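For reference, the chains in residue letters:
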Amino acid sequence: MKGQGDKMNLFNTLAIQQLEGGTYTVDTVLQVIKQITDWAIAIGMSLAGVAVVISFIMYAVVDVDQKPRVKTRITQTLVGIGGIIISVSLVNIIIRLFS
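The rules behind each value
- Residues numbered from 1 in each chain as written.
- Predicted model: local features only at pLDDT ≥ 70, side-chain atom pairs only at ≥ 80, totals over all residues.
- Heavy atoms only, no water.
- Helix = DSSP H or I, 4+ residues; strand = E, 2+ residues; numbered from the N terminus.
- Buried < 20%, exposed > 50% of the residue type's maximum accessible area, 1.4 Å probe, protein only.
- Contact = heavy atoms within 4.5 Å.
- Phe/Tyr/Trp six-rings, centres within 6.5 Å; stacked < 30°, edge-to-face > 60°.
- Lys NZ or Arg CZ within 6 Å of the ring centre and 35° of its normal.
- Salt bridge = Lys/Arg side-chain N within 4 Å of Asp/Glu carboxyl O.

1. Some details on the overall build of the protein
- Along its length, the protein carries 3 helices and 0 strands.
- Scanning the protein from its N terminus toward the C terminus, one meets helices and strands in the order α-α-α.
- Taken over 99 residues, the protein has a buried fraction of 13%.
- Long-range contacts, defined here as pairs at least 24 residues apart, represent 53% of the contacts in the protein between residues at least 6 apart.

What follows is the structure, encoded as structure tokens:
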């Protein structure tokens, strides 16, 4: 029966320490991906906030016939914000698994 130390050697053997053809390590690539996802969430949240504000202004201004369409747009924007948060959170969780 193999001990715990044998399992650790297997994982160390399978781990990639450095990418071929350059001096970049896997950790630097993961840091770049995390930085890009942080930027994406900041920009996405800012744009979504602006879109929600514009949608509420449109809702206040449009006539009664147009209000259901504007409500649908507001709902879609809020769902989009949730999608951005969930997708970036999943990427960050995956990065934490590898680092």
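2. Points about the packing of aromatic side chains
- Using the criterion set out here, one finds 0 aromatic pairs in the structure.
- One residue, Lys-67, lies across the ring of Tyr-59, its end atom 4.4 Å from the ring centre.

3. So, the environment of Ile-36
- Along the polypeptide, Ile-36 turns up in helix α2 (residues 26-61).
- In the structure, Ile-36 is positioned 52 residues away from Val-88 in sequence and 9.8 Å away in space, judged by C-alpha atoms.

4. Some details on the pattern of salt bridges
- All chains considered together, the criterion is met by 1 salt bridge.
- For Asp-38, the salt bridge identified is with Lys-34, shortest N-O distance 3.5 Å. One end of the pair, Asp-38, and the other, Lys-34, are both in helix α2, 4 residues apart, so they sit about a helical turn from each other.
- Note on Asp-38: relative accessible area 33%, which makes it partly exposed.
- You can call Lys-34 partly exposed: its relative accessible area is 33%.

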